[in-house]
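This is what each chain is made of:
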Amino acid sequence: TNLGQVQESELHLRQAAETYAELMEMADKLPWMMAYLPVVLLGLGRIHYQWNELTAVETYCCQARELAGELENVDTPAAAGILLARLLLAQCDLPAAQALLAETEQFIRDQQFDHWVEELTEVRIQVALKAGDHAAAAQLAQERPSPRNQARVALAQDDPAAALAALEPARQEAEAKG
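Rules used throughout
Residues numbered from 1 in each chain as written. Predicted model: local features only at pLDDT ≥ 70, side-chain atom pairs only at ≥ 80, totals over all residues. Heavy atoms only, no water. Helix = DSSP H or I, 4+ residues; strand = E, 2+ residues; numbered from the N terminus. Buried < 20%, exposed > 50% of the residue type's maximum accessible area, 1.4 Å probe, protein only. Core = buried A, V, L, I, M, F, W, Y, C linked by side-chain atoms within 4.5 Å. Contact = heavy atoms within 4.5 Å. Axes fitted to C-alpha atoms, helices over the stretch in contact; angles between N-to-C directions. Parallel < 35°, antiparallel > 145°, perpendicular 65-115°, else oblique. Left-handed = near helix turned anticlockwise from the far one by under 90°. Nonpolar A, V, L, I, M, F, W, Y, C, P; charged D, E, K, R; others polar.

(A) The arrangement of the environment of N2 in detail. Checked against the element boundaries, N2 lands in helix α1 (residues 2–9). Residue class for N2 comes out exposed when judged on its relative accessible area of 55%.

(B) Up close: the nonpolar core. Counting residues in each nonpolar core, the largest one holds 36 residues, and the members touching the most others are Y20, L42, C61, I108, W116 and V127. Elements with a contribution of two residues or more to this core: α2 (13–29), α3 (37–50), α4 (54–68), α5 (76–90), α6 (94–111) and α7 (117–130). The dominant element in this core, judged by the number of residues it contributes, is α5, at 10 residues. Every residue in contact with V127, bar those within four places of it in the chain, is listed here: L89, L94, A97, Q98 and L101. Ranked by size, the runner-up nonpolar core spans seven residues in total, among them I125, A128, A137 and V153.

(C) Structural context of the packing of α5 against α7. At a minimum axis distance of 10 Å, the contact between α5 and α7 shows a crossing angle of 15 degrees. Judged by the inter-axis angle, α5 sits roughly parallel to α7. α5 and α7 meet at a crossing whose hand is left-handed. Contact with α5, carried on its side by I82, A85, R86 and L89, involves E119, L120, E122, V123, Q126, V127 and K130 of α7 and no other residues of that element. Split into classes, the residues belonging to the contact of α5 with α7 amount to six nonpolar, one polar and four charged.

Encoded structure:
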């Protein structure tokens, strides 16, 4: 799975998809590989999201959530829930996205997978903005401040100067790194 993840992170998506497909075939033959199958399915879901193949995203993420739910101490249901919520947002199914985010947030809290809170908040802000609830989005951005979230809310509030100001420290940091 690590090879597929590296290929995916380096945007070699076709190679990553092939690696994940090979791992799925291996899981059929080697029972111990079944524990890695949720990660493989989630990787395929992310790739198909990048390719805008939304039906495949739903299929892979639902399978990943289902299989990962049978395993202990695995954060794949959180990652899959967030990606599925992004899919629902893309399909403009805001009530379903909100419900899934609430379920995913509860899972994250129960399992103490705090490293997913920032990404979950980002999607919650996007859903609130899509619903036209700028106040809720602004409140979420204040609770979990990040330059991207603050810029996104500022743009929705028609304040590009505030959006640029929110992103300025990140721009300066990137410029300093070269």
